[in-house]
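Next come the chains, spelled out residue by residue.
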Amino acid sequence: MNKFSHIDLRVNNMENVLPFYEKLLPELGFTRTYHSANWKVFAADGELPSVPYFAITEEADHKPNGNLIGFWAKDRAEVDRIAKLVKELGGNISDGPRLFPISPTYYAVYFADPCGNKYEMVHRLN
C-alpha cells in the first residue's frame, strides 16, 4: 500500500496560481475537485478520504523555500509534455527536461509554480 495521503500547499496569492493548478493537477491524475471557500482540493479518482489529494490554501505571507514535491512520469514523453504545459501556464522551468547524473536513466524537469513552490517530474527506469 502506498502510504501517501495528501499535500496541504500554501500559496501567497490564490488568484495568481489557481489557473496554473486547475490545468496542471488534472494532468498529474488529480481529476476530482472538492473546493471550499478556503481550500481548493484536487483528488485522484475514487472517494475521499481513501485517495491521494492535493489541497491549496492562500497564506498571504507564504514564502516558498527549498522544499520540493516530486511526481513520477510513465515515460520521457510525459516529462516533456508537463514541461511544455508548465511553461504555457506561467510556471518557471529551473532545469531540464534532460537526463541528470543521478542515475543513467534519470530524466526530469524541475519547475516552480507562479508563486515559487518547487516541483520535479521524473521518469527513471532503474
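In what follows, the structure referred to is the one given above.
These remarks concern the structure in this document. Fair warning: this is a prediction, and the values are worked out from it, not measured in the lab. (Residues numbered from 1 in each chain as written. Predicted model: local features only at pLDDT ≥ 70, side-chain atom pairs only at ≥ 80, totals over all residues. Heavy atoms only, no water.)

To continue, consider the overall build of the chain. The helix and strand tally for the chain stands at two helices and eight strands. For the chain, the sequential pattern of α-helices and β-strands runs β-α-β-β-β-β-α-β-β-β. For the chain, the C-alpha atoms occupy an extent of roughly 45 × 35 × 25 Å along the three principal directions. Per-residue burial over the chain gives 40% buried out of 126 residues. In the chain, once contacts between residues fewer than 6 apart in sequence are set aside, the share between residues at least 24 apart is 50%. For the chain, the accessible area works out to roughly 7,300 Å², and carbon and sulfur atoms hold 51% of it. Averaging the coordinates of the 14 positive side-chain charges in the chain and doing the same for the 16 negative ones gives two points 5 Å apart. (Helix = DSSP H or I, 4+ residues; strand = E, 2+ residues; numbered from the N terminus. Buried < 20%, exposed > 50% of the residue type's maximum accessible area, 1.4 Å probe, protein only. Contact = heavy atoms within 4.5 Å. Areas by Shrake-Rupley, 256 points an atom, 1.4 Å probe, with all protein chains shown as cover. Lys, Arg positive; Asp, Glu negative; His and termini not counted. Charge placed at Lys NZ, Arg CZ, Asp CG, Glu CD.)

Across the six residues of strand 8 (residues 118–123), five count as buried, placing the element largely inside the fold. Sheet topology note: the strand 5 (residues 68–72)/strand 8 ladder contains five bridges and is parallel. Within the sheet, the bridge partner assigned to L68 lies in strand 8 and is K118. Here strand 7 (residues 107–112) folds back onto strand 8, and the loop between the two strands holds five residues, one of which, G116, carries a positive phi near 105°. (Pairing = 2+ DSSP bridges.)

Okay, the packing of helix 1 (residues 14–27) against helix 2 (residues 76–88) next. For the pair helix 1 and helix 2, interaxial distance at closest approach is 11 Å and the crossing angle is 175°. One way to sum up the angle between helix 1 and helix 2 is to call them roughly antiparallel. Together, F20, K23, L24 and E27 of helix 1 and E78, R81, I82, L85 and V86 of helix 2 make up the contact between the two elements. A per-class count over the contact of helix 1 with helix 2 returns five nonpolar, no polar and four charged. (Axes fitted to C-alpha atoms, helices over the stretch in contact; angles between N-to-C directions. Parallel < 35°, antiparallel > 145°, perpendicular 65-115°, else oblique. Nonpolar A, V, L, I, M, F, W, Y, C, P; charged D, E, K, R; others polar.)

Let us now look at helix 1. In this model, helix 1 (14 residues) spans 20 Å end to end at C-alpha, consistent with the 20 Å of a helix rising 1.5 Å per residue. Turning to helix 1, its buried residues are M14, V17, L18, F20, Y21, L24 and L25. Tucked inside the fold, the buried residues of helix 1 contact strand 1 (6–11), strand 3 (40–43), strand 4 (53–58), helix 2, strand 7 and strand 8. Regarding helix 1, its N-cap is N13, as a side-chain oxygen of that residue lies 3.1 Å from the backbone nitrogen of E15 further along. Immediately downstream of helix 1, the backbone of G29 shows phi near 100°, a positive value. (Expected span 1.5 Å × (residues − 1). Polar contact = N/O pair within 3.5 Å; in protein donor to acceptor, adjacent residues only side chain to side chain.)

Worth remembering: the numbers are spatial, not functional.
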